[in-house]
Structure formats: C-alpha cells, structure tokens
Amino acid sequence: MWLGPEEVLVANALWVTERANPFFVLQRRRGHGKGGGLTGLLVGTLDVVLDSSARVAPYRILHQTQESQVYWTVACGSSRKEITKHWEWLENNLLQTLSIFDSEEDITTFVKGKIHGIIAEENKNLQPQGDEDPGKFKEAELKMRKQFGMPEGEKLVNYYSCSFWKGRVPRQGWLYLTVNHLCFYSFLLGKEVSLVVQWVDVTRLEKNATLLFPESIRVDTRDRELFFSMFLNIGETFKLMEQLANLAMRQLLDSEGFLEDKAQPRPLRPHRNISALKRDLDARAKNECYRATFRLPQDERLDGHTGCTLWTPFNKLHIPGQMFISNNYICFASKEEDACHLIIPLREVTIVEKADSSSVLPSPLSISTKSKMTFLFANLKDRDFLVQRISDFLQKTPSKQPGSRKASVGDPAPEPLPGPQEASELPASPSSPLRSQPSLGAQEVPTASQGLLKVFQKSSPMEDLGAKGAKEKMKEESWNIHFFEYGRGMCMYRTARTRELVLKGIPESLRGELWLLFSGAWNEMVTHPGYYAELVEKSTGKYTLATEEIERDLHRSMPEHPAFQNELGIAALRRVLTAYAFRNPTIGYCQAMNIVTSVLLLYGSEEEAFWLLVALCERMLPDYYNTRVVGALVDQGIFEELTRDLLPRLSEKMQDLGVIASISLSWFLTLFLSVMPFESAVVIVDCFFYEGIKVILQVALAVLDANMEQLLGCSDEGEAMTVLGRYLDNVVNKQSISPPIPHLHALLTSGDDPPAQVDIFDLLKVSYEKFSSLRADDIEQMRFKQRLKVIQSLEDTAKRSVVRAIPGDIGFSIEELEDLYMVFKAKHMASQYWGSSRTAAVHRDPSLPYLEQYRIDASQFRELFASLTPWACGSHTPVLAGRMFRLLDQNKDSLINFKEFVTGMSEMYHGDLTEKLKALYKLHLPPALSPEEAESALEATHYFTEDSSSEVSPLASDLDLFLPWEAQEAPPGEEQEGRGNEDAQEKRGEEKGTSPPDYRHYLRAWAREKEARRETIKDLPKMNQEQFIELCKTLYTMFSEDPAEQALYHAIATVASLLLRIGEVGKRFSAAARPPPRAGEDAEPEPAAGDPQARAGGDAHAGKAAPGSPPAGEGGRGEGRGSPSQPASQPASDDEAKDDLSMSSYSVVSAGSLPGEDPDPDPAGEDADADPARSPAARPRARPAGTVDADWSISFEQILASVLTEAALVDFFEKRADIAPKIREQKAVERPCSASSEPEPAGGAG
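In short, a report on the structure. Since this is a predicted model, take the numbers as computed values, not measurements.

## Some points on the overall build of the chain
Helix and strand content of the chain: 48 helices and 25 strands. Here the chain holds 1246 residues, and 54% of them are scored as buried. Within the chain, counting contacts between residues at least 6 apart in sequence, those at least 24 apart form 69% of the total. For the chain, the accessible area works out to roughly 54,300 Å², and carbon and sulfur atoms hold 54% of it.

## Focus: the sheet that holds strand β1 (residues 2–8)
Within the open sheet, the five strands sit side by side as β1-β5-β4-β3-β2. Their pairing is antiparallel. Strand pairing shows two members of the sheet lacking a second neighbour, β1 and β2 (15–20), which therefore form its edges. Each strand axis lies, on average, 30 degrees off the axis of its neighbour in the sheet, ignoring direction. Against the sheet, helix α2 (residues 80–93) contacts β1, β2, β3 (24–29), β4 (59–63) and β5 (71–77), and its axis sits at roughly 130 degrees relative to β5.

## Things to note about the environment of G4
One can find G4 in strand β1. Classification of G4 by relative accessible area gives partly exposed; the value is 29%. As a C-alpha pair, G4 and I118 span 114 residues in sequence and 9.7 Å in three-dimensional space. For G4, the residues in contact, after removing those within four places along its chain, are T73, H116 and I119.

## Quick notes on the pairing of strand β15 (residues 329–334)
Among the six residues in β15, six count as buried, and that is most of the element. Covered by surrounding structure in β15 are Y329, C331 and A333 together with I330, F332 and S334, the residues of both alternating faces. Two strands pair when backbone bridges link them, and strand β14 (residues 317–326) and β15 are joined in this way by five bridges, in the antiparallel orientation. By the bridge assignment, M323 is partnered in β15 with F332. Hairpin geometry of β14 and β15 is characterised by an intervening segment of two residues between the two adjacent antiparallel strands. Relative to strand β16 (residues 341–345), β15 runs antiparallel, the two being bridged by five bridges. Bridge assignment links I330 to a residue of β16, and that residue is I344. From the end of β15 to the start of β16, which pair antiparallel, there are six residues.

## A short note on the sheet that holds strand β19 (residues 374–378)
The strand order across the open sheet formed by seven strands is β16-β15-β14-β13-β19-β18-β17, and the pairing between neighbours is antiparallel. Bordering the open sheet on either side are β16 and β17 (349–354), each of which pairs with just one other strand. The average undirected angle you get between the axes of adjacent strands in this sheet is 30 degrees. Along the sheet, helix α7 (residues 276–294) makes contact with β13 (302–312), β14, β15 and β16, crossing β15 at roughly 80 degrees. The strands touched by helix α8 (residues 383–396) are β13, β14, β15, β17 and β18 (365–369); relative to β17, the strand with the most contacts, the crossing angle is about 160 degrees.

## Describing the pairing of β5
Counting buried positions along β5 gives seven out of seven residues, so the element sits mostly inside the fold. The pairing of β1 with β5 spans four bridges and is antiparallel. Following the sheet pairing, V8 is matched in β5 by Y71. Here five bridges tie β4 to β5, and the two strands are oriented antiparallel to one another.

## Some points on the environment of L545
Within the secondary structure, L545 is located in helix α16 (residues 545–553). Since its relative accessible area comes to 57%, L545 is described here as exposed. Between the C-alpha atoms of L545 and Y589, which are 44 residues apart in sequence, the distance is 8.9 Å.

## Notes on the packing of helix α13 (residues 511–519) against helix α18 (residues 593–603)
Contact geometry of α13 with α18 gives a least axis separation of 8 Å together with a crossing angle of 120 degrees. Viewed along their axes, α13 and α18 adopt a mutual orientation that is oblique. Taking contact as the criterion, the partners of R511, G512 and W515 in α13 are, on α18, V599, L600 and Y603. Split by residue class, the contact of α13 with α18 holds four nonpolar, one polar and one charged.

## What to know about the pattern of salt bridges
In this structure the tally under the stated criterion is 44 salt bridges. Notably, a salt bridge pairs K278 with D282, separated by 3.0 Å at the nearest N-O pair. On the criterion of helical spacing, the pair formed by K278 and D282 is a turn pair, its members being four residues apart in helix α7. Of the residues examined, D282 reaches a relative accessible area of 30% and is grouped as partly exposed. Salt-bridge contacts for R499 lead to E691; the nearest nitrogen and oxygen are separated by 2.6 Å. Of the two residues, R499 is situated in helix α12 (residues 496–503) and E691 in helix α23 (residues 678–691); the sequence distance between them amounts to 192 residues. For the pair formed by R499 and E691, the shared burial category is buried. Sharing partners across several salt bridges, the network here consists of R204, E206, E641 and K785.

## A closer look at the side chain of E242
Residue placement: E242 occurs in helix α6 (residues 234–254). Look at E242: it is buried, it has no salt bridge, and the nearest opposite charge is K239 at 8.1 Å. When neighbours within four sequence positions are excluded, E242 is seen to be in contact with L205, Q781 and F784.

## Things to note about the side chain of R145
Within the element layout of this structure, R145 appears in helix α5 (residues 135–148). Residue classification places R145 among the buried residues on the basis of a relative accessible area of 14%. Among the polar contacts made by the side chain of R145, one reaches the main-chain carbonyl oxygen of E152 at a distance of 3.1 Å. Excluding residues within four positions of it along the chain, R145 makes contact with M150, P151, E152 and E154.

## So, helix α32 (residues 858–868)
Listed as buried for α32 are Q860, F861, L864, F865 and L868. Along the axis of α32, the buried positions cluster into a sector of 135 degrees, meaning they face one direction only.

## Observations concerning the packing of aromatic side chains
Applying the stated rule across the entire model yields 44 aromatic pairs. Where F688 meets F689, the ring centres are 5.7 Å apart and the plane angle is 55 degrees; that geometry is what we call tilted. With respect to class, F688 is no different from F689; both count as buried. Between Y821 and F898 the ring centres are 5.4 Å apart and the planes differ by 90 degrees, which places this aromatic pair in the edge-to-face class. With Y821 in helix α30 (residues 814–834) and F898 in helix α34 (residues 898–909), the pair connects residues that are 77 residues apart, well separated along the chain.

## Some words on the nonpolar core
In this structure, F377, M593, F610, Y625, F672 and F689 are the most contacted members of the largest nonpolar core, which totals 156 residues. If near-sequence neighbours (up to four positions away) are discounted, F689 is found in contact with R295, W515, F518, S519, L600, L612, L616 and M620. Grouped together as the second largest cluster of nonpolar side chains are 117 residues, L817, W871, Y1049 and W1192 included.

## Re unusual backbone geometry
With glycine set apart, most residues show a phi of negative sign, and most peptide bonds adopt trans. Put simply, P926 and P927 share a cis peptide bond, and its omega is 5 degrees. Although it is not a glycine, K316 sits at a positive phi angle of roughly 50 degrees. With respect to the element layout, K316 can be found in the loop between β13 and β14. Within the chain, D623 stands out as a residue other than glycine whose phi angle is a positive 65 degrees. Along the polypeptide, D623 turns up in the loop between α19 (606–620) and α20 (630–646). Residue classification places D623 among the buried residues on the basis of a relative accessible area of 17%.

## Side note on the packing of α18 against α23
The geometry of a pair of packed helices is captured by two quantities: the angle between their axes and the separation between those axes. Between α18 and α23, whose axes approach to 12 Å, the crossing angle comes to 85 degrees. If you check the angle between α18 and α23, you find them roughly perpendicular. Contacts from V599, L600, L602 and Y603 in α18 reach F678, V682 and F689 in α23. Here the contact of α18 with α23 is built from residues that sort into seven nonpolar, no polar and no charged.

Basis of the calculations
- Residues numbered from 1 in each chain as written.
- Predicted model: local features only at pLDDT ≥ 70, side-chain atom pairs only at ≥ 80, totals over all residues.
- Heavy atoms only, no water.
- Helix = DSSP H or I, 4+ residues; strand = E, 2+ residues; numbered from the N terminus.
- Buried < 20%, exposed > 50% of the residue type's maximum accessible area, 1.4 Å probe, protein only.
- Contact = heavy atoms within 4.5 Å.
- Areas by Shrake-Rupley, 256 points an atom, 1.4 Å probe, with all protein chains shown as cover.
- Pairing = 2+ DSSP bridges.
- Axes fitted to C-alpha atoms, helices over the stretch in contact; angles between N-to-C directions.
- Parallel < 35°, antiparallel > 145°, perpendicular 65-115°, else oblique.
- Nonpolar A, V, L, I, M, F, W, Y, C, P; charged D, E, K, R; others polar.
- Salt bridge = Lys/Arg side-chain N within 4 Å of Asp/Glu carboxyl O.
- Lys, Arg positive; Asp, Glu negative; His and termini not counted.
- Polar contact = N/O pair within 3.5 Å; in protein donor to acceptor, adjacent residues only side chain to side chain.
- Arc of directions from axis to C-beta.
- Phe/Tyr/Trp six-rings, centres within 6.5 Å; stacked < 30°, edge-to-face > 60°.
- Core = buried A, V, L, I, M, F, W, Y, C linked by side-chain atoms within 4.5 Å.

Read these as geometric descriptors, not functional statements.
So, in structure tokens, the structure goes:
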C-alpha cells in the first residue's frame, strides 16, 4: 500500500536492499523469507515486541536522492507480488519524469506530491463508507486479518501490547480484540504463538492478581485457561473485553448481532489509534450507565456531561456533581451518592436562561419548569455551548409529527416513536389530570382510570381504622411535606430523605403514583399517549401461543384477592398481559408475569400497569421473563456468590443441600409476592422500584441470616425449604390498612407451633444495616460474570438435548455427536458474523426447540461437507455436497438442522456396503440431482411416477424416518410457523384440504411398520441413462487419493461397462413387453445363454450376484480381476477383454468432462460428450449425440450385484472411516492455534 512519505534516517538497519535505481530503493526486512539466521530471528522478535505495524510490511520502497542522506518511505507491502506492482508503477511512470529535474529538492517535492495524490485518489473511493479510522489503526487491522485469516467483515476494535503466559513463560506480543474474536500473536526467537478465541466460547473472564501472574486477565473457554498480563492500561483493556464478551452472550441469548451505532455523534478530529468501533462501544457503555442511573427509556442517548454545582433550596447548599444532557432530559447526580439526584424532562422546561455571574456563583444557569420549579446550576465550564445544546434539543421536543405514532404502532417493536401530543399538554406528574382520564380502548371499564383496590375496597374513613389509620395518615402527611419541600412529580429532588420515606412504607393512596415516578414508567407513558389503547385494540381476538398461556394462568394470579375473584379484574389482567405480549413478541408471556402484573393493577390503571410492566421487563429486570429466565438465573448466581462472601458458614451447607437454586428463583421472579403475605411483599416492591434489584438481594440475604442456626441443623432440602417457607409466611405488615388476605402458601407450612411473627419493616431495617455495602455498579459487574456462566451452561444443556434427540442407530458416539454439534454451531455463528447476504438463519429464534435453533444453508453445508466427508471427490466434491443438501432439505426451506446434517454424515460413515451404495445411488436421483445437472431429470421423474406409482417415493428413505413429520408435510407457506404445533397443523391441513384427514395416520402407521422392516432395496426407483453417467462420474472422482487407485479404476470401468450392457438388454425386453413392469418387480426375462453379464443383471434384484460368481468375501476377493464367468465362445483372453471393457466404459465417463472442465458446455447443462453413444462397445446402435435414451434404465439391485463382483470396490466401501481426525482438523481451521516457526498467516479462523 502507498504510504504518506515519512523520513527514515538509517535506511539499512535491519533491512536488506533487493532492487535499486537512482531515485528509489526496494528493501526486504531481515528475517523475512529465506534464511535470515540469528539476525533474522532477533529482528522478527523485535518487530513483534516493539512495533505492531512492522510485521505488516516485510517489504518497503524508499525514495532517495544521490546527494542526500535522508530517505523517505513511499510504499510498503505484505508480499513480494504487492511491492513489485508498486515498484513497476514507479519505474514506468516516474523515472522518466524525474530525470528531467535539475534540483534534488524539486525531485523530492514532486515525488511527495505525487504519492499524496495517489493516496488521496485511493481514499476518495473509500470515503462514502464513513471509514475514519486512523492510518496506524488501519495498518494493525490489516495485519490482524492477514495473520489470523479473518474475512473483510471482521472489524478490529482495539489492540494492546501484552504478555501471554505459556506455561510459566510470558510471551510478549499483541492482543487484538475484534467484534467476534480475541486474537493474540507473538513471535519470539523463532517460536510463534498464534491464538484465536471466539467471544461466544468464553466461559469466564476476570481480572485477578496472584503471585504467579501479576495483575492479569484470565480468559477461560471450555477446554483451556489463558492468562494475559503486563498491560499498559489493564482497566481499559478489561472493560473492552467485558463489553465484547457481553455482546457475544447477547448474541447467544437472542441472536442480535453487533450493529454499529450510526446515530453516535462523530468527533471532529479522529483520535490517533482509536477506532470508530471503540468510540462506539465506549458511547454505548456510557449510554447504558446513564439510562440505568436515571431510569430513562431505552432509546435515550447521552449527548454529553459536565461538572457543575446545583443549588438545593431544601438545605440551602450548592451540591457538587455532574450534569448530563440527552435528547429529552437534563439530569444531575451528586458526587456523594445519596446527596441528590434530579431528572428534568425537557418537555417540562419553560425557560433556560443565563443568570449573572458573581464570585459566589460563577457562570450560573437557571432552568424553570411548568410546575413552577426553578433549578439553579453554577460552575459550568462552557456555559454558552451548553445553553446552545439545550435550546437545540428544546426546539426538537414539542414538534412531534402527528403521523409518527401511527406509523410505529403497527410494529410491535420494543420502542415505538413518541406520540403526537404537544409538550405543553403533557402532565407534569402522575397525580395530574391524565391519571383520571380513561384511555381510549375501554371507555366504560373502571380499571381504565383507577386501580382495582379503589374499585373493590369499601372506602371507610381513616378514623374508623384506629391506630393503623392514624399511622397511614401520618405517612401521607410526611409525603405531602416532602412534596412541598422537594417538589412533586418527575422533577422531584431525590435525596437520602426520599429513601427514608420509601423504607417506612408508601401510603396506599400514593403507591401507584410513586411507582410510576421511581421506575421511570411515567416518562414512557406520557410520551406515548394512546399507545396502550391501540395495542389492546390490535391484540383483541388474536390467537397466539402467548395468549394461550396467559389464558391458562389468569385464574392462578392472586386468586385469594377479591379483585381477582371476578371477571372485571381477570379481564383487566388479560388485556395488560396480551398487550405486552403483542408489544414484545421476543418475551411474549412468561410465568410469574401474571403475579407481578396483578399487583401492579391493584395500585394503578390498566395503562399505568402496562407501562410499569414494560419498565420491569425491559429495564429493571433484564432478561428475567424470557423462555429461559436467564436474568433470574444470573441474579441467583449473584445471590450464591454473595452468600459465599457474606455468610460463609451457611454457604457450604446451602450448597450441599442444593437449596439456593430451588428457593431463590421464585423470590426473584415474583419479587417475593408469591412467598410472602401480600401486604408485606408489597413493601419490598416499594423499595424495589426506588432502589432496584439491590433490595431483593439484601432481603434474601437477611432471610437466610435470620434462619442461619435452623438451616445449619437441616438434614435435607425439604427441611430447609420448610424452615424458610414458614419464616416467610410469618413476615407481617402491622401497619397495613387493607383487610388481611389469606396467604395460600401458609396452608402448606402450618405446624403445631407457629413461629414468631416478623415485622416487614424490621426485616428491611436489618437488611440495610447488615448488607447495605452492595452497590449498583458492583452488582452489574457480578451480573456480567454470572451471565457468562449461565448462558454457557444453557448452551451445554442445549447441546446435550440435541444430541439426545438423535436416534441411536445413527452410528456416531456421544462424543463424536457433541463435537459435530460444536462444528455445526460454529458454522452457523460464522453466518451471523459475516454472512449478511446469506439466507441462513442469521437471526435464530431462541424460542424454537433446541434442534431448530442452529441451521445452516447450502454454502455452509458445502464447506462442512468438504472438510468432513470420507468421499473426497476433488473438484466434484461441491457438486456432491449440493446434491446431499437437496436430499436432506426435506421441507425445501434451503436450511438444514443438526439432525438432518448428522443423518447425511452417518450415511457416508456407517453401515455396510449396501447402505453406502444406497446413499450414493440416491444422490444421483431427483430431488438430489437437480434439473440443471441432468437434462433428463424431468423425463426421469415422469418415468419414475409412471414406473413406481404404488411404491414409496424416492425420498421415502431412511432419512424420512429421522425427520419430524411436520417438516415433511407442511405446505410451503407454513413451514416456518408453528413447526412443533402438530395439532394446529393437522387442523390447518384439514381446513385447507391440503391432505386427506387420515394422511398423518397412514404416515405414522408406515413409520411403525418401518421400525420392524427397514427400507428394502426394492423400494428404490430405477435410474435412467443420464443419472447413471452422473453416478459413474462421481465414482471416478472418488478414488483419486486412494492407495489402491489403479485397481479401483479398473474395477469401476468393468462395472460401468457391464451395467451399460445390462441396461441395453433390459431396454430390448421392455420394448417387447409393454406396459413396463413396476419398479421392484423388475420382471427381467431370461437372458440369452451366451450373455452372462445379462444373467448377472437379471438375478441381481435378489440382492445376490449371479450363480456363477462367487459371493464377495469368499472367493470373490481372491479372483478379483476376472469377470464372474467367461463364456467359452469368447476368443479374447481375460486381460484383453478387461482392457477392452475398461477402455469403453472409461471413455464413456471421462468423455463426459467434470464440472468446470467442459470447453463448450451444453446450454441445458448436459455434457454433450457424456453420451454413451460415443462408446461403440457400450452402445451397439448409434443415436444422435446429446439425446438421452428414455427407455434405458438400471435398477439398484443390478448396480449392487455388479459391484459385488469386484473385490477392490467391495473393500473400498466396506472400509471403516473415522470422523474424529476430520473434526479435529475442522476445529483447527475454525480456530487456528498454530505454533510453527514460519510466521505465515494461519488458516481461516472460524
């Protein structure tokens, strides 16, 4: 590549000059290429250790002038070919011109200008891609691709100098972090280390320091542990590795690949050595942290942040902290964690003005809102720029397009666009009028405007409730004072005082309002007016799997509460859950959502409950409510880790009893609502909406701590469960003004002596006193670590399930199947990384059965087939792979799953000669043989339908039995939906009349029959001439690498010639006797006495050779070369006849050139040369070239009998092949891990 000219003072240090002229020098790096000796090794080592870019370019071109000692680099190249091209260009285009100049300075100036011009021209073509990575970085990316054989699509994020510990020896080198891989390369004194690890294979990633490894990063996969140390900035490196591993886990979880964020603001000047991707990832991390801290909607993007102070009127102080600005919000977080948090939605802002500066208040900024609150920020660094940004965002805020919401609602995407309501109309807090307006969808329903508690509770005055009523009144009063001092609604100052009030319990009348504020659900509800009503309207009457599950669970949701003992509550719950399932189909509905939603409905209207559910599922409890409850399993892992650290005595006991796994899942999924009396659990939910998951973990630890002595005395899991169950049943809320609701769980654990009651507020107090050391960012860090563990163990479970689903008679061992699964999955993942144009299941659907989650397309199958097949056919292999794929792809969706893939592999590796031949035979019949490959395929299908009307179709083979019936019978339009839903499919079939009602019954009966009676060779249809020639071609290419190559060629020539004659004889008789006999009956007439080959063919359908020939395995192998019995009348000797036959049949096949070799291919895809009419020995009667003899046919039995006469062929097909070495080879290609001394690029990394 051309380089911007840079000065080089010492031109010959470490370089060897290979070519020179008066103006340019071409040099090669010492140690590269031939020889090099010790100097070469040292130079190679220096290159890797000191300069990451040096190994990209083992060749370079320098510009020089005769008088000057200074050289200028103008080009570099990774190969001699590349550098020679540049050298020739310079010689042809510049030498002539340069010789005209008088001054050397002019020459150098001209060369520099020319080179800059070339580079600018090259870059002009790249510009539209927005490629703004700095040159040094580009060079490193180029090196990474070359070194590890990565495709263009693999983007480098960053690279670092570090050491990899190989045993106890650190190898200094370079660590490359790409979007999908971690790669390391080191070259020290002739020893090369090259590592490639896919992020999706990482099971553990942590930063640790031990005596052996000083501050290092540990990366574990399933089969190895890697340690990297000596980083310049280990914190930054580890953070980036975490992000990339997290993206990979997200890909395994919901198959979302990495998409570069085009909406990120681009810097004016690209930073040196930082890629656009790295900036993108840094921005993502900041955005996530910002949204989590202030509970903002998922599409909110941080624009920037700056240090400042905020005047807090409640304690008359200027609090230092950070101001954050994004498209729709201005937020503030104090340096001290609890001092003050503030969220100002721009929709609330009325005035932003610069106040007068003073020594006390430098560069202040005042922001006023509709709720008559004014916020005063000071000590702002760049106040004018800040005000400009805020006013820009304010201009965009009110003018929402009226049509925008309409367009978005139709799409059940997780984040619809904001609605058309003007900012001035949006209410400021959940206590304002919007709360009392019924939503559009359900005008008359009481739940449209208020919570179920208000509908069902008789409103008795507080005075009648005595002490409890007085306490509730006091709570309300405290909150009203708090609202007066700190503000009410979204713009409230949130301080330590707010938390104190939440911990004392939120009064019933304010619960719904405060849940909406603290969870951030209020923001989304206000910016999407009418969205819920539209969802309800669209989802009403729609039937999906989710609605079926919802229906089943409706009556199990808090059945003890009067609100859900009648249709009003049940209908509201149905609407909210169905609307959510419609909004977010990836989650749909998950158990436990019904319990949580029913509680939300008690305190808020339907629309509020809906938005609270959105906040829970999508932000506050990420991944909790998906099919595999990954989020809850992750937090359960954190709980176990915390138990180990904070309750070490109990931890070991709990592990032995296996209790944590059983108990905590329900605690986390239902926020204690299913295990504690309702009025107590709801207090925990109050704290959860304010503090997040931290509270749930604290309370869980406090519950274990309170029961420690009893748990230590338990002897089994059941006893421990009873102890905890009884304790939780007796957690009471003495301040609750609601009538007590019987807790169903209590009935199961009631004993003779009821344990002492525990007040929920005491439990919360203890949990904060003992376990308040938990911090939100620590929990996030632990979540990452556990997520790796959980997702990888789920992947292992999936692997075991898929392997178990493979029938026992497939022939591979469990280990081989697991290895094949990993290779298959790696191929699927590769399509997700780089195969954007492929049809493959680039987005797999994690809700499908495990077997259907990973699938590959034809091109991927071709690659796997080529590396795993025992039948290497050279250039013909891809053709064979394409046929095998068509045969396996029964439902014609151009994708095959693992079961189908293994079935195909098994046919080639296992089974006897007959089975293998049968597989090969089927690969040369439709549908495996495509019409393009054989012009006569159409005729052949006519022939087969006519010929075997009552027989099983060519596809009804062993393969069918391994594949689900649904896949075979689904009409094309229905393949994708509901593959596993047999009943629904059966109904559809009947409704549409696509198949007779008892079709499935017959298929099942046939399958049962098959179990006892394997498919016989009579079930196979006959083969016509064109197909037979294709089969011969395949056989010829198959033996090229076999040790017994010559014997095999000879044998196949004999067999082909014999079969061509049999076909001829058969044709004469079929012509004489019309109508033709059905396949399988093969009523061959008695062959002529002088034609033993025909006789052999006639008897062949019995699966035996002709009586005259010895069976294979007895005499057949010994006689080997002779034909079964030579007629006395034949004058030629054995060998002469043999050669004669082999010549004739060899000419038949080899004349039909292999794919890609035909100089003048027939437009219809048929090789004109491959016509047996050319071979006089094979075809007595001449026919016009290129035509196919439709009457000519041969049966599988005849082919089998003929093959049995040749010992070499019998040996070839009976030989057992081992797939293990091929799998190992394939894995090495997927993950090159070479240690050779030649620093050439490794094979393509998977």
